[in-house]
Number of protein chains: 2
Amino acid sequence: MNNTRFATALHILTLLADSNEEWISSEWIASSINVNPVVVRRELSVLNEAGLVLSRKGKAGGSALAKNSSDITLDSIYRAVKNSEVLGKRNEKTNPQCPIGKEINAKLDGLFSSIDDSVIRELQGRTLESFVAEFH
Amino acid sequence: MNNTRFATALHILTLLADSNEEWISSEWIASSINVNPVVVRRELSVLNEAGLVLSRKGKAGGSALAKNSSDITLDSIYRAVKNSEVLGKRNEKTNPQCPIGKEINAKLDGLFSSIDDSVIRELQGRTLESFVAEFH
DNA sequence: TTAAATGTAACAAAAAATATTACATTTAAT
DNA sequence: ATTAAATGTAATATTTTTTGTTACATTTAA
């Protein structure tokens, strides 16, 4: 994760959680994050697929949380936006002639996914509600 | 971490651990990983700074582990190569007019570093020796 | 019918990661 | 001493990833 997707997604959800059931526009969200509205809509679309937000089109459209912020744990956000593993990428063309090169990616698979799992577990213990509660 | 640096570093160290005290060349390491030797030398230099490997120049030069593989925990490798946080980057230009935009990066700091810490702890429990032992 | 919103494709630009070239320096061995 | 083989590293190029932008079809409330 060398990108801003998690920060963007959590920012979006924090605004929605803080908006008293109002449907807020991507334009408005974008101005808080200070990124292009299209970037926000793209992320909203991902969060929608993950079942975290609802959106509606048309005049008076916008987005809102799909469930209570106490029922949204941070791991679901992470999972929705994650596009790489914690320990990064493997070298894909390791030498099959070399005993180490031949096997290392299989070994890395186990390590990489167990580290990823530990992050997921850590995030499962935190809710959007408690994150939002940190703001006053 | 959306790069191959951890995989590359661990590959290098695995080869060194497996090499019976021989000093092996970056050329040889590169052919196992299948990357450019300069990439290997750059990473060796980082691992050297971290106190994990020794290198010597000249004919019959090469690299070797600086300490026993049982004394190398994976977190030291991770720390040496890590150049981004687990949850990625923050949006750097959030809106100071917005109550959320104004504070979110401070809140993310706490979250991001506690997740990073949990990864470090997880990696501390694993040694290079036991990783290498998985190969036969 | 119009205004204001989403949804998304297509493309552009910027940033990050990786590869390559070149060469100075070091050191062992002949 | 000279040579061969290695590291160290700067400079640059290329590729991949990330982010931004433009454009426009579609939806919906007023």
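Cut-offs applied
- Each chain carries its own residue numbering, running from 1 in the direction its sequence is written.
- Following the order in which they are written, the chains are lettered starting with A and the ligands numbered starting with 1.
- Predicted model: local features are reported for residues with pLDDT of at least 70 only, side-chain atom pairs are reported and counted for 80 or more only, and whole-chain, interface and lining totals are derived from all residues.
- For the side-chain quantities, the full set of heavy atoms in the structure was used; hydrogens and water were omitted.
- For each residue, the test is whether any non-hydrogen atom lies within 4 Å of the molecule or strand; if one does, the residue is near.
- We define a polar contact as two N or O atoms separated by no more than 3.5 Å, with the added condition that, inside protein, one atom must be a possible hydrogen donor and the other a possible acceptor, whereas residues neighbouring each other in sequence contribute only through side-chain atom pairs.
- Labels follow the DSSP assignment, with helices taken as runs of H or I lasting at least four residues and strands as runs of E lasting at least two, numbered in each case from the N terminus.
- Contacts were defined at the residue level, with two residues in contact if any of their heavy atoms lie within 4.5 Å.
- Expected helix span is computed as 1.5 Å times (number of residues minus one).
- Fitting axes to the seven residues that end at a residue and to the seven that start at it, the angle between those axes gives the bend at that residue.
- Basically, the charged four are Asp, Glu, Lys and Arg, the nonpolar ten are Ala, Val, Leu, Ile, Met, Phe, Trp, Tyr, Cys and Pro, and anything else, Gly included, counts as polar.
- Under the scheme applied here, a residue whose accessible area is under 20% of the maximum for its type counts as buried, over 50% as exposed, and between as partly exposed, the area being computed with a 1.4 Å probe on protein chains only.
- Accessible area, probed at 1.4 Å, shrinks when two parts are joined; the buried area is that loss added up over both.
- Salt bridge, as used here: a side-chain nitrogen of Lys or Arg that lies within 4 Å of a carboxyl oxygen of Asp or Glu.
- The criterion for an aromatic pair is that two Phe, Tyr or Trp rings (for Trp, the six-membered ring) have centres within 6.5 Å, with stacked assigned to planes under 30 degrees apart, edge-to-face to planes over 60 apart and tilted to the rest.
- We call a charge positioned over a ring when the NZ of a Lys or the CZ of an Arg lies within 6 Å of the ring centre and within 35 degrees of the ring normal.

1. Remarks on the protein's contact with DNA strand D
No. 1: In the vicinity of DNA strand D lie 27 residues, with Thr4(A), Gly58(A), Asn2(B), Ser26(B) and Arg41(B) positioned nearest.
No. 2: Here, DNA strand D places atoms within 4 Å of the protein, and 64% of those atoms are sugar or phosphate.
No. 3: Interatomic distance of 3.1 Å between a backbone N/O atom of Lys59(A) and a base oxygen of DNA strand D.
No. 4: A distance of 3.5 Å separates a base nitrogen of DNA strand D from a polar backbone atom of Lys59(B).
No. 5: For the surface near DNA strand D, the elements supplying multiple residues, two or more each, are helix 3 (37–49) of chain A together with helix 3 (37–49) and strand 1 (53–56) of chain B.

2. A look at the environment of Asn2(B)
No. 1: Mapped onto the elements, Asn2(B) comes out in the segment before helix 1 (5–17).
No. 2: In the structure, Asn2(B) is positioned 84 residues away from Val86(B) in sequence and 10.0 Å away in space, judged by C-alpha atoms.
No. 3: When residues no more than four places from it in sequence are discounted, the contact partners of Asn2(B) are Met1(A), Asn2(A), Ser84(A) and Lys89(A).

3. Observations concerning helix 5 (residues 99–124) of chain A
No. 1: Over its 26 residues, helix 5 of chain A extends 38 Å from the first C-alpha to the last, a length consistent with the 38 Å expected when each residue adds 1.5 Å.
No. 2: Along its length, helix 5 of chain A reaches its greatest deviation from straightness, about 35°, at Asn105(A).

4. Some words on the protein's contact with DNA strand C
No. 1: The full set close to DNA strand C counts 26 residues, and Asn2(A), Ser26(A), Arg41(A), Thr4(B) and Gly58(B) are the nearest of them.
No. 2: At 2.7 Å from a phosphate oxygen of DNA strand C is found a side-chain nitrogen or oxygen belonging to Ser26(A).
No. 3: Residue Asn36(B) places a side-chain N or O atom 3.4 Å away from a phosphate oxygen belonging to DNA strand C.
No. 4: For the surface near DNA strand C, the elements supplying multiple residues, two or more each, are helix 3 and strand 1 (53–56) of chain A together with helix 3 of chain B.
No. 5: With four residues, the top contributor of residues to the surface near DNA strand C is helix 3 of chain A.
No. 6: Considered class by class, the residues forming the surface near DNA strand C number four nonpolar, 13 polar and nine charged.

5. Some thoughts on the environment of Thr94(B)
No. 1: Looking at the secondary structure, you find Thr94(B) in the loop between helix 4 (74–81) and helix 5 (99–124).
No. 2: Distance from Thr94(B) to Asp109(B), taken between C-alpha atoms, is 14 Å for residues 15 residues apart in sequence.
No. 3: In this structure Thr94(B) touches His11(A), Ser32(A), Ile33(A), Asn34(A), Gly101(B), Ile104(B) and Asn105(B), once residues within four positions along its chain are discounted.

6. With respect to unusual backbone geometry
No. 1: Of note, the phi angle at Ala60(A) is positive, near 65°, even though the residue is not glycine.
No. 2: Secondary-structure assignment places Ala60(A) in the loop between strand 1 and strand 2 (62–65).
No. 3: Non-glycine residue Asn20(B) carries a positive phi angle of around 50°.
No. 4: By the secondary structure assignment, Asn20(B) is in the loop between helix 1 and helix 2 (26–33).
No. 5: The class for Asn20(B) is exposed, based on a relative accessible area of 62%.

7. Comments concerning the interface of chain B and chain A
No. 1: Listed by partner, the interface residues are 52 residues for chain B and 52 residues for chain A.
No. 2: The contact between chain B and chain A buries some 4500 Å² in all, and 64% of this surface belongs to carbon and sulfur atoms.
No. 3: When residues of chain B are sorted by the area they lose upon contact with chain A, Asn91(B), Ile100(B) and Phe135(B) head the list and together hold 14% of the total.
No. 4: Where chain B meets chain A, there are zero salt bridges.
No. 5: Counting every contact that joins chain B to chain A gives 14 residue pairs in polar contact (both at pLDDT 80 or more).
No. 6: Looking at the side of chain B that touches chain A, the element that brings in the most residues is helix 5 of chain B, giving 16 residues.

8. Thoughts on the environment of Val35(B)
No. 1: Of note, Val35(B) is situated in the loop between helix 2 and helix 3.
No. 2: In this structure, the C-alpha to C-alpha distance between Val35(B) and Ala50(B), residues 15 residues apart in sequence, is 22 Å.
No. 3: The contacts of Val35(B), once residues within four sequence positions are left out, are Asn91(A), Ala30(B) and Val40(B).

9. Examining the packing of aromatic side chains
Any aromatic ring pair is given by two values, namely how distant the centres are and how the planes are angled relative to each other.
No. 1: Considering all chains together, one arrives at six aromatic pairs over all chains under this definition.
No. 2: Measuring from centroid to centroid gives 6.4 Å for Phe6(A) and Tyr78(A), while their planes differ by 70°, and the two rings are edge-to-face. Note that Phe6(A) is positioned in helix 1 (residues 5–17) and Tyr78(A) in helix 4 (residues 74–81), a separation of 72 residues in sequence. Residues Phe6(A) and Tyr78(A) agree in their burial class; the two are buried.
No. 3: Here the aromatic residues Phe6(A), Tyr78(A) and Phe112(B) are joined through ring pairs into a cluster of three or more.
No. 4: Here the guanidinium or amino end of Arg56(A) rests over the ring plane of Trp23(A), the centre of that ring lying 4.0 Å away.
No. 5: Across from the ring centre of Phe135(B), 5.9 Å away, lies the NZ or CZ of Lys107(A), which sits over that ring.

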